[in-house]
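Here's the letter readout for the chains.
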Amino acid sequence: MSNDQDRKPTFIKRLWGWFWGPAGAISLGVLLVGGFIAGIVFWGGFHTAMEMTNNEEFCISCHEMGDNVYVEYAGTVHDQNASGVRATCPDCHVPHEWQHKVVRKIQATRELWHTALGTIDTPEKFESKRLELAQNVWRAMKETDSRECRNCHDFDAMDVTLQSKRARENHLRATDEGLTCIDCHKGIAHELPKGAYGINPELVYRHANPKPDAKPEG
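How each quantity is defined
- Residues numbered from 1 in each chain as written.
- Predicted model: local features only at pLDDT ≥ 70, side-chain atom pairs only at ≥ 80, totals over all residues.
- Heavy atoms only, no water.
- Helix = DSSP H or I, 4+ residues; strand = E, 2+ residues; numbered from the N terminus.
- Buried < 20%, exposed > 50% of the residue type's maximum accessible area, 1.4 Å probe, protein only.
- Salt bridge = Lys/Arg side-chain N within 4 Å of Asp/Glu carboxyl O.
- Polar contact = N/O pair within 3.5 Å; in protein donor to acceptor, adjacent residues only side chain to side chain.
- Phe/Tyr/Trp six-rings, centres within 6.5 Å; stacked < 30°, edge-to-face > 60°.

Asks: I tried to follow unusual backbone geometry on my own but got confused; where do I start?
Replies: In terms of backbone geometry, most residues other than glycine have negative phi values and most peptide bonds are trans. Even without being a glycine, Asp 145 presents a positive backbone phi close to 60 degrees. Along the chain, Asp 145 turns up in the loop between helix H7 (123–143) and helix H8 (165–177). The exposure class assigned to Asp 145 is partly exposed, which follows from its relative accessible area of 38%.

Below you can see the structure in the form of structure tokens.
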């Protein structure tokens, strides 16, 4: 027992001496510098990957999006308008704040799985899922108080005197009742699914159907 006890302090002392000696200092320095460089490379690669997957071209690279919702978005007020300010796919569907963006990107990996399964790889399959997909987006926007909408649209910055009578009344009511953008503005960038009017009585017919002769579906 005494021999074992004598070895322990000796080993600790030797390790301590090595750690603070020239060899230990060099090893520690190499480890720190190497870790710092590796951290920069990892962060740079991660950030680059995040940005590469956060643009309109990437979003519509799969035909499920490019052939369906993007076609509906093209020509809408979020795509083309007098000011030339565009709201692209990630502007509306990906949070700007880093912590929320990472969570959303992780959630989006499920879409890769459904792409592999072919869940909505035909127009017919997409239409059958459209209402469910829309409700998922509406629910998420409601839960975040339409966070992505508010990156551009701010109640406090609105000059309601410049708005139409109907818009002014609705925005003032929304402010008083604590409503959020998506409560009223469904069907602005994409077509409303069949059945949407039946489960969303608050939908405004004029907003969803800009053509006078258009009729709501469902």
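Asks: Please clarify how the pattern of salt bridges should be interpreted in this entry.
Replies: Close approach of charged atoms allows side chains of opposite charge to pair. Counted according to the given criterion, the structure contains 13 salt bridges. The partner of Asp 145 in a salt bridge is Arg 150, and the shortest N-O contact between them spans 3.1 Å.

Asks: Hey, could you run me through the environment of Thr 175 in this one?
Replies: Its location among the elements puts Thr 175 in helix H8. Taking the C-alpha atoms as reference, Thr 175 lies 7.5 Å from Phe 155; in sequence the two are 20 residues apart. At 2.9 Å, the side chain of Thr 175 and the backbone oxygen of His 171 are in polar contact.

Asks: Help me understand the packing of aromatic side chains, please; the structure alone is not making it clear to me.
Replies: Geometry of an aromatic ring pair is reported as the spacing of the ring centres plus the angle between the planes. Scanning the model with the defined rule gives four aromatic pairs in all. Summarising the aromatic geometry, the rings of Tyr 70 and Tyr 73 are spaced 5.8 Å apart at their centres and angled 35 degrees between planes, so their arrangement reads as tilted. Of this pair, Tyr 70 and Tyr 73 both sit in helix H4 (residues 63–73), three residues apart, roughly one helical turn. Here Tyr 70 falls in the partly exposed class, since its relative accessible area comes to 23%. We classify Tyr 73 as buried; its relative accessible area is 5%. Taken together, the aromatic side chains of Phe 42, Trp 43, Phe 46 and Trp 98 make up a single cluster linked through ring pairs.

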